[in-house]
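Chain by chain, the residues:
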Amino acid sequence: MWIALCLITLVGFSTSQAGDLCDNLINDCQKHHTGWTRCYEDRVATCDLRRGHRHILDFVRDMVNSSQECEAWPTPRHRAHIPSSALKKSKGGVAGDKVLVVATVINSTCFKLTRPPQGKRRGIRPQPAHIPGTVLGGLVLMVRAGYSPVRNLSQPIRLIFRHDEPVGNGTCVFWQESEQDDGTGHWSTDGCDTSHTGSEFTCSCNHLSFFAVLVNPVLSLDKRNAVYLNYIAYVGSALSIIFTFISLIIYICLHRRRPEKAISVHMQLTGALLCLHISFLLCCFWVRLLSENEDSVVCRILGFFLHWSVLATFSWTALEGFHLYLLLIRVFNIYVKRYLLKLSLVGWGLPTLVAVVCGISGVYGKYSLQLEDEGNQTSNVHMCWMSSEFKQQAVLVSFITTVVFPCLVILCNSCMLGVVVFKLWGLREGNGGFKSGSDWKKTSKEKWSRLWKDGATLLGLSCVMGLTWGLASTTYITYISLPGLYVFTILNSLQGVFIFLWSVALTCKSRSDNNSSVRHPSTQKMMTTSFSN
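The chain is annotated in an unreviewed UniProt entry as Adhesion G protein-coupled receptor G3 from Amphiprion ocellaris.

Participant: Give a detailed account of the pattern of salt bridges, specifying residues and quantitative values.
Facilitator: If you walk through the whole model with that rule in mind, you get 6 salt bridges. Note that Asp164 and Arg77 form a salt bridge whose closest N and O atoms lie 2.7 Å from each other. With a gap of 87 residues between them, Asp164 in the loop between β9 (157–162) and β10 (167–177) and Arg77 in the loop between β3 (70–75) and β4 (78–82) connect regions that are remote in the sequence. One salt bridge connects Glu260 with Arg258, and the closest N-O pair in it is separated by 3.3 Å. A relative accessible area of 26% places Glu260 in the partly exposed class. Residue classification places Arg258 among the buried residues on the basis of a relative accessible area of 17%.

Participant: How would you sum up a nonpolar patch on the surface? Please name residues and give values.
Facilitator: Taken together, the side chains of Val235, Leu239, Ile242, Phe245, Ile246 and Ile249 present a nonpolar region at the surface, about 510 Å² in accessible area. Along the chain, Phe245 falls in helix α5 (residues 223–257).

Participant: I'd like to hear about unusual backbone geometry, residue by residue, with values.
Facilitator: Even without a glycine there, the phi angle at Asn152 is positive, about 50 degrees. Along the chain, Asn152 falls in the loop between β8 (139–145) and β9. Of note, the phi angle at Arg338 is positive, near 50 degrees, even though the residue is not glycine. With respect to the helices and strands, the residue Arg338 is situated in the loop between α7 (297–328) and α8 (339–361). Assessed through its relative accessible area of 49%, Arg338 is described here as partly exposed.

Participant: So what about the pairing of strand β5 (residues 98–107)? Which residues, and what values?
Facilitator: Along any regular strand the residues' side chains alternate between the sheet's two faces. A large share of β5 lies buried, amounting to 8 of its 10 residues. Looking at chain direction, strand β2 (residues 59–65) and β5 are connected through 7 bridges and run antiparallel. Looking across to β5, one finds that Met63 is bridged to Leu100.

Participant: An account of the nonpolar core is requested, with residue identities and associated values reported.
Facilitator: Counting 52 residues, the largest nonpolar core has Tyr251, Leu306, Trp316, Leu324 and Leu461 as its most contacted members. Within the residue set of this core, elements represented by two or more residues are α5, α6 (261–286), α7, α8, β16 (378–386), α9 (391–430), α10 (438–464) and α12 (495–515). Per-element accounting of this core gives the leading share, 12 residues, to α7. Setting aside anything within four residues of it in sequence, one finds Leu306 in contact with Leu276, Ser279, Phe280, Cys283, Met383, Cys384 and Trp385. Formed by 29 residues, the second largest nonpolar core is a distinct cluster that contains Ala80, Leu141, Phe161 and Cys205.

Participant: Give me the packing of aromatic side chains: which residues, what numbers.
Facilitator: One pass over the structure, following the stated rule, counts 17 aromatic pairs. Each ring, one from Tyr40 and one from Phe210, has its centre 6.2 Å from the other, and the planes form 50 degrees; the classification is tilted. Separated by 170 residues along the polypeptide, Tyr40 in helix α3 (residues 36–43) and Phe210 in strand β14 (residues 210–217) bring together distant segments of the chain. Judged by relative accessible area, Phe210 falls into the buried class, the value being 2%. Within the aromatic cluster, the residues linked to one another by ring pairs are Trp36, Tyr40, Phe111, Trp175, Trp187 and Phe210.

Participant: Can you explain the environment of Asn169? Please cite residues and give values.
Facilitator: With respect to the helices, strands and loops of the structure, Asn169 is situated in strand β10. Taking relative accessible area as the criterion, Asn169 reaches 64% and is therefore assigned exposed.

Participant: Requested: an account of the UniProt feature "transmembrane region" (unreviewed entry) in the chain, with residues and values cited.
Facilitator: As recorded in UniProt, the feature "transmembrane region" (unreviewed entry) lies at residues 231–254, 266–289, 301–328, 340–364, 395–422, 455–479 and 485–506. Taken end to end, residues 231–254 comprises 100% helix and 0% strand; its first and last C-alpha atoms sit 34 Å apart. A distance of 31 Å separates the end C-alpha atoms of residues 340–364, which is 88% helix and 4% strand.

Participant: How would you summarise the sheet that holds β3 if you had to cite specific residues and measurements?
Facilitator: The strand order across the open sheet formed by 5 strands is β3-β4-β9-β13-β12, and the pairing between neighbours is antiparallel. Both outer strands of the open sheet, β3 and β12 (192–196), are each paired with one neighbouring strand and no more. The mean inter-strand angle of the sheet, taken between neighbouring strand axes irrespective of direction, is 15 degrees. Taken together, the 5 bridges between β12 and strand β13 (residues 200–205) define a ladder with antiparallel strand orientation. Note on β13: the bridge partner recorded for Ser195 is Thr202.

Participant: Which residues make up the state of the cysteines, and what values go with them?
Facilitator: Joining two cysteines, a disulfide is a covalent bond between their sulfur atoms. All chains considered together, the criterion is met by 4 disulfides. Disulfide pairing is shown between Cys29 and Cys39; the S-S distance is 2.2 Å. Here Cys29 and Cys39 share a disulfide; its torsion about the S-S bond, -65 degrees, makes the bridge left-handed. Taken as a pair, Cys29 in helix α2 (residues 25–32) and Cys39 in helix α3 lie far apart in primary sequence, 10 residues in all. With respect to burial, Cys29 and Cys39 carry one shared label: buried. Free cysteine Cys412: the closest other cysteine sulfur is in Cys415, separated by 6.6 Å.

Analysis parameters
- Residues numbered from 1 in each chain as written.
- Predicted model: local features only at pLDDT ≥ 70, side-chain atom pairs only at ≥ 80, totals over all residues.
- Heavy atoms only, no water.
- Salt bridge = Lys/Arg side-chain N within 4 Å of Asp/Glu carboxyl O.
- Helix = DSSP H or I, 4+ residues; strand = E, 2+ residues; numbered from the N terminus.
- Buried < 20%, exposed > 50% of the residue type's maximum accessible area, 1.4 Å probe, protein only.
- Patch = residues over 30% accessible without salt bridge, like charges linked within 9 Å, V, L, I, M, F, W, Y side chains within 5 Å.
- Areas by Shrake-Rupley, 256 points an atom, 1.4 Å probe, with all protein chains shown as cover.
- Pairing = 2+ DSSP bridges.
- Core = buried A, V, L, I, M, F, W, Y, C linked by side-chain atoms within 4.5 Å.
- Contact = heavy atoms within 4.5 Å.
- Phe/Tyr/Trp six-rings, centres within 6.5 Å; stacked < 30°, edge-to-face > 60°.
- UniProt positions renumbered as here; feature names shortened; annotations may be inferred.
- Axes fitted to C-alpha atoms, helices over the stretch in contact; angles between N-to-C directions.
- Disulfide = S-S within 2.5 Å.

Encoded structure:
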């Protein structure tokens, strides 16, 4: 009887050790071990594959000959090629020619990111704080061989990641656990090289671990949507040219009746927008007269004009925010000698200086952009901008002047708009605010009217201060990039129309101020600033 009990105990013990299901192994390791990836690597070689099969979905485990190369295909999109030198090294001191190889894929949500070590320690190379990108396909490829760690291989292991959807630049990485042993980690590129053939990424790494490809998603745009967006941009820019020209006339008339510096700043911004939309249409239509590989001096001049107009528009947009800062924050005792002249030196002089330097460098010319849709159909879009022949220089100049600079302007003006909201609310509260009872009933109509006017003012200021350009981020940081691109194109191509509506609102306000002898105290306070020519 004692022999039977011992046999039952031994059988039960062995079953508990080897009875873990491979499907539940990740959850079990995360539940009972902080360093779950090490637990997974240790137990994946002995977990239960169910009914003794060696191959299940997304999982490969097999004994292979260490003297020959090995290939493992856990999925049709993931493949690992292990050279014989790596297999022999993984054996350690174990006798025999056979070695165990395990390959599987894991959902990327199982890997919790934390900041990598930043301090300089002996023997530890500082890692970057963050490698941008998302995991390709949302799957991480785990490869394990033998019984000993496999590092610093002379002949690298090749990992293949196939994809169908269009992607941007990709980087091969592996998972490195945090030193805090808290179950988190970071992606590292040490020991891995990346190559891309168009439909698959090949990672060449000198060790075994958990591997993935971090990619930057690229906007997939088919030919039909590209045509629609072009038509929207052309029609919107044509309307903006008409309405900005009318707005200039309105501002000139307003300035003659009421020579305020705010109106002069609006005039400069409107003029820059007019130049921007004219140069955009000229650059788009002139390039159609050129052949596929042809460039011309006129195209370079138009590219210069378009770049200068973009810089001038954002410069005067920034100056609108600066002027608003002076009106709201520095209301009293402001005296700026030759105020408009100094603003003009910044608003027109700085863009001219940058554009001239870029023109001397020869970056302007015919720009070609290749679009790829989901069916791998490619189409080219051309315009006079920065020449594709100087790709490295053009990308750097374009990034600094049309991405970094506008982002800084939008960020500053967004903060300024928040200050406007705070000031308006404070001015309203300081002059009666919203009360309750019978007084509120008597004045509710007037106060709701003020609320609507404040809302319209903020909406107009958002357009004047260029905050609609911030919608460009919706084409990159959201999953609705195509709708975001439509919204961005519509709003910014019609910015001249919004400027016209703002000029009409200023005209109506000027007439109402002339007809009324009493202004609201908050309005009076905001208009007491004076500047010197």
